[in-house]
Amino acid sequence: MGVVTVHMVPCSGPEALQSTADNLCRMIEKLGGRRDGVFCVDCETYQNVSMGRFQHVLHDSEHPASVFSLLESGLCLVADANFDSLMNKLNPQLFTTKIGTKVECKGPRYQVEDFILKIGTVTIGTSARGLLVECEYQPCAVTASCWELMRELMEPLLGLPLNQPVQYLALRMREIYTPVDTIQQYMEHFNALRKSNPIQGAQAPVSGQIGSQANPNAQTPVSRA
Amino acid sequence: MQPLGPAVPSALNGIAIAGLRLGEMRGKFEQQSSSVRIRQTLGGYRIMQAEAPIVEQPLTRKNAANLQEYLLQGSILDSSADVLLNRLRGLCDNSDSPVELFHDIEQVYTIKDQANQATFSLRARNALDNPQLPWQLRYVGQPEVGDKSRFTICRSVIEVGTSSNLVTWLNELGFRLDYEFVAKGHIFQKGRMKILVQKIHRVCQSGNPETLEPVSQSFLIELSVLAPPSQESLGEEMKAFADQLRPLVELEKVDHARLHVS
């Protein structure tokens, strides 16, 4: 894997979420992006019954055989898929989770030359909270060596100047990038979105809907009927 | 030899698997749902474009099958261990390859649920001779020994391969080290059965696995299979194999509750 940066896309209102996602998809397709499936990152938060400590359990479709357990201190345990069975066993005696607090970020995945771009709508429970763009530059493993290149691609997409990477990455510019760094960035955004107010009236988009409007020629049998 | 302390039976309870060698990392790379576009042109019209919904299969595996460990245990004196090893080498698979060795440390961490006064324990295991192998986190359930129709101990086991920061992770979650031991020995495989011939060592200085002291002058033998529940035929298969090791070693289902020294 290469270096990944995850950015929040500014959205002005509830309607803007869907249209902003569609606009981004269109821009990426204009750049020569080839739609290459979908992605999903999810996060379930458990609380230790006796100590009250939180544990975030994350999955990333880019690493389907791994489960990431992130603690409040930032420590991240990478485990294999059996970790879910273990959490099922320890829930609810040792760890509890609240219904409706699961965070999911899902959407289309594009390949643009050496980059992989993902547009993900973040939902908490059933309410849509925000839009994230993930950009991966595959040929490089050190952020400092490819940040300028990624910035050049991301600035027009986000419509914002990016003076430096997100805080987590800015502290690790010269380190070898690992999948845990991606998870940490998602967690930072998920935490920020959890604290924010839900976008009133915004509904989670129907699966597969994002990006389907990007290609005006794309029609489903239903829409033709 | 020191008298067996209370930790010993608990240790016996926990050494069923030196699973690092058998590569029990069961994380299979699932094929993720990918966007499938079927485009057909018929009479100049694009008639169908079907897209798979976003990640059809949830990433969290809520209904992952719980595996049961079927287990038989026995012991043999050090002086006779070589005879047993030779017999196992002949009986087990890959008899022409060198016997696989292991040298693992296992640490048992516990946490108390203050509301119910219940204690949960998780086991962290690492290969001392090959530390870059994944650590192993294990949950071992209460063994079912009461069923007289069943020939083996049966208990729920979940094994998870993890990164090397497992011990820090357990500590930060509030788990505390209860006891630790080092298991050193040989591992054999016969079909789906795993046979361990191992020497259990007490760690004299906590945190220093070099300072070891054998718990007894015997090797512990374990015959185990990880399988879905209700596999009654498995007991017969294991019994047949255990019979072939007689009279060198008597493999039995051991009631660990009775071993605890009061």
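If you're wondering where the values come from, they're calculated on a predicted model, not measured in any experiment.

Definitions and limits used
- Residues numbered from 1 in each chain as written.
- Chains lettered and ligands numbered in written order.
- Predicted model: local features only at pLDDT ≥ 70, side-chain atom pairs only at ≥ 80, totals over all residues.
- Heavy atoms only, no water.
- Buried < 20%, exposed > 50% of the residue type's maximum accessible area, 1.4 Å probe, protein only.
- Helix = DSSP H or I, 4+ residues; strand = E, 2+ residues; numbered from the N terminus.
- Arc of directions from axis to C-beta.
- Contact = heavy atoms within 4.5 Å.
- Core = buried A, V, L, I, M, F, W, Y, C linked by side-chain atoms within 4.5 Å.
- Domains from an automatic or database assignment.
- Phe/Tyr/Trp six-rings, centres within 6.5 Å; stacked < 30°, edge-to-face > 60°.
- Lys NZ or Arg CZ within 6 Å of the ring centre and 35° of its normal.
- Buried area = accessible area lost by both parts, 1.4 Å probe.
- Salt bridge = Lys/Arg side-chain N within 4 Å of Asp/Glu carboxyl O.
- Polar contact = N/O pair within 3.5 Å; in protein donor to acceptor, adjacent residues only side chain to side chain.
- pLDDT = per-residue confidence, 0-100.
- Expected span 1.5 Å × (residues − 1).
- Bend = angle between axes of the 7 residues up to and from the residue.
- Pairing = 2+ DSSP bridges.

Residue and element names in this part refer to chain B. Along helix H4 (residues 232-244), the residues that are buried comprise Leu234, Gly235, Met238, Phe241 and Ala242. Buried residues of H4, seen end-on, are gathered within an arc of 130° and therefore sit on one face of the element. The outward face of H4, more than 90 degrees from its buried face, is lined by the exposed residues Ser233 and Glu236. The elements touched by buried residues of H4 are strand S3 (67-77), helix H2 (81-91), strand S8 (176-190), strand S9 (193-205) and strand S11 (218-227).

For the rest of this paragraph, the subject is the nonpolar core. Counting 50 residues, the largest nonpolar core has A:Leu58, A:Leu117, A:Ile119, A:Met150, A:Met154, A:Tyr186 and A:Phe190 as the members making the most contacts within it. Residue contributions to this core peak at seven residues, all from helix H3 (residues 143-158) of chain A. Of the domains in this structure, domain 1 (3-41 + 103-195) and domain 2 (46-97) of chain A are the two that each give at least three residues to this core. The contact partners of A:Tyr186, leaving out residues within four places of it in the chain, are A:Val6, A:Phe39, A:Val41, A:Cys105, A:Leu132 and A:Glu134. If you look at the next biggest cluster of nonpolar residues, it comprises 28 residues, including A:Val67, A:Leu94, B:Ile111 and B:Phe120.

Before going further, it helps to spend a moment on the packing of aromatic side chains. The geometry of an aromatic ring pair comes down to the distance between the two centres and the angle between the two planes. A complete count under the given rule lists three aromatic pairs over all chains for this structure. Ring centres of A:Tyr186 and A:Phe190 lie 5.9 Å apart, and the angle between their planes is 45°; on these two criteria the pair is classed as tilted. Of this pair, A:Tyr186 and A:Phe190 both sit in helix H5 (residues 179-195), four residues apart, which is roughly one turn of the helix. Per residue, the accessibility class of A:Tyr186 equals that of A:Phe190, and both read buried. Here the basic side chain of A:Arg172 rests over the ring of A:Tyr168, its NZ or CZ set 3.8 Å away from the ring centre. Residue placement shows B:Lys239 over the ring face of B:Phe151; its charged tip is 5.3 Å from the ring centre.

We now examine the domain arrangement of chain A. Residues and elements named next belong to chain A. Taken domain by domain, chain A comprises domain 1 (3-41 + 103-195) and domain 2 (46-97). Summarising the inter-unit geometry, the C-alpha centres of domain 1 and domain 2 are found 24 Å apart. The partner domain 2 presents 12 residues to the 15 residues of domain 1 that form the contact. Taken together, both faces of the contact between domain 1 and domain 2 bury some 1,100 Å²; the carbon and sulfur share is 62%. Inspection of the domain 1/domain 2 interface yields two salt bridges. Among the salt bridges present, the one from Glu62 reaches Arg109, with a minimum N-O distance of 2.9 Å. Our count for the contact surface shared by domain 1 and domain 2 stands at four residue pairs in polar contact (both at pLDDT 80 or more). With nine residues, H5 is the single largest residue contributor to the side of domain 1 that touches domain 2.

Further remarks concern unusual backbone geometry. The peptide bond linking B:Arg246 to B:Pro247 adopts the cis configuration, its omega dihedral lying at 0°. A positive phi angle, close to 50°, is found at A:Glu113, a residue other than glycine. Relative to the helices and strands, A:Glu113 is located in the loop between strand S7 (103-112) and strand S8 (115-124). By relative accessible area, A:Glu113 is classed as exposed at 71%.

This next bit is on the confidence of the model for chain A. Taken as a whole, chain A shows an average pLDDT of 84; of its residues, 87% reach a score of 70 or greater. Note that residues 200-225 of chain A has pLDDT below 50 and, in this model, 47 contacts with residues that lie over four places away or in other chains.

Relative to the assigned elements, B:Ser156 resides in strand S7 (residues 153-162). With relative accessibility at 12%, the residue B:Ser156 sits in the buried group. At 3.3 Å, the side chain of B:Ser156 forms a polar contact with the side chain of A:Lys89. Every residue in contact with B:Ser156, bar those within four places of it in the chain, is listed here: A:Lys89, B:Leu67, B:Gln68, B:Tyr139, B:Val140 and B:Gly141.

This part covers H3(A). Residues and elements named next belong to chain A. With 16 residues, H3 should cover 22 Å at 1.5 Å per step; its first-to-last C-alpha distance of 19 Å lies more than 12% under that length. Roughly 30° is the biggest bend found in H3, and it falls at Leu149. For H3, every residue scored as buried is listed here: Thr143, Cys146, Trp147, Met150, Leu153, Met154, Leu157 and Leu158. Looking one or two residues beyond H3, the residue adopting positive phi is Gly159, at roughly 70°.

Right, let's talk about the pairing of strand S2 (residues 34-48) of chain A for a bit. Residues and elements named next belong to chain A. For S2, the tally of buried residues reaches 12 of 15 residues, placing the bulk of the element in the interior. Alignment of S2 against S7, held across eight bridges, turns out to be antiparallel. Across the sheet, the residue bridging to Cys40 is Lys106, located in S7. The turn joining S2 and strand S3 (residues 54-60), which pair antiparallel and follow one another in sequence, is formed by five residues; a positive phi near 75° is taken by Gly52. Bridge count for S2 against strand S6 (residues 95-96) is two bridges, and the pairing is antiparallel. Within the sheet, the bridge partner assigned to Gln47 lies in S6 and is Thr96.

Once that is clear, we can look at the pairing of S7(B). All names here are of chain B. Of all 10 residues in S7, 10 are buried; the element is thus mostly enclosed. Neither face of S7 is open: one carries Ile153, Arg155, Val157, Glu159 and Gly161, the other Cys154, Ser156, Ile158, Val160 and Thr162, and all of them are buried. Bridge count for S3 against S7 is five bridges, and the pairing is antiparallel. What sits directly across from Tyr70, in S7, is Cys154.

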